[in-house]
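Letter by letter, the chains look like this.
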Amino acid sequence: MASAKRRVIESPLPQGEHERIAYTVPTTLWGGGGTSPIVTVLDTTDATPVDVTSATTLGSATIAGDIITTPYVFGLTADRRYRVNVQWSKGSQILETFFELLAEL
């Protein structure tokens, strides 16, 4: 079961299969700030999640102050469900949150 602190409150979010969106994720629940953001995208529609990061992202994640901006997410397939994992470092800790996308026409 997912922790309420780790899952973005607005999740799941709809995204059209022809849209290209860079999402912003605040890190304030973890004390803000951080470095080295990494984003992975998993297709979670079927029983075994599939890593589709290379086919569905463009660019790199960035962090400025308390906000992580994901790479552009695009090329989703309608009627499929995706999980976007956002990971970053803060001191010696590695932290992670996630949100879900529901792809639409």
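Residues numbered from 1 in each chain as written. Predicted model: local features only at pLDDT ≥ 70, side-chain atom pairs only at ≥ 80, totals over all residues. Heavy atoms only, no water.

This part covers the layout of surface pockets. As a volume, the largest pocket reaches approximately 270 Å³. As for the largest pocket, its lining consists of 15 residues, and the residues nearest its centre are V8, I9, E10, V25 and P26. Breaking the lining of the largest pocket down by element, the ones donating at least two residues are strand 2 (24-26) and strand 10 (93-104). Residue contributions to the lining of the largest pocket peak at 3 residues, all from strand 2. Partitioned by chemical class, the residues of the lining of the largest pocket number 9 nonpolar, 3 polar and 3 charged. (1 Å grid on protein atoms, 1.4 Å probe; cavity = no way out; pocket = protein on both sides within 12 Å on 5 of 7 lines; lining within 4 Å. Points joined across faces, edges and corners; volume = space filled by probe spheres on them. Helix = DSSP H or I, 4+ residues; strand = E, 2+ residues; numbered from the N terminus. Nonpolar A, V, L, I, M, F, W, Y, C, P; charged D, E, K, R; others polar.)

This paragraph deals with unusual backbone geometry. For the peptide bond that leads from S11 to P12, omega is 0 degrees, which places it in the cis range. In this structure, P12 sits in the segment before strand 1 (13-16). The phi dihedral of S36 falls on the positive side, at around 55 degrees, and the residue is not glycine. Structurally, S36 is set in strand 3 (residues 35-43).

What follows covers the pairing of strand 9 (residues 81-90). Pairing analysis gives 7 bridges linking strand 3 to strand 9, with the strands arranged antiparallel. If you follow V39 over to strand 9, its bridge partner there is V86. The pairing of strand 9 with strand 10 spans 10 bridges and is classified as antiparallel. Bridge pairing links Q87 to E96 in strand 10. What sits between the antiparallel neighbours strand 9 and strand 10 is a turn of 2 residues, in which G91 has the positive phi angle 65 degrees. (Pairing = 2+ DSSP bridges.)

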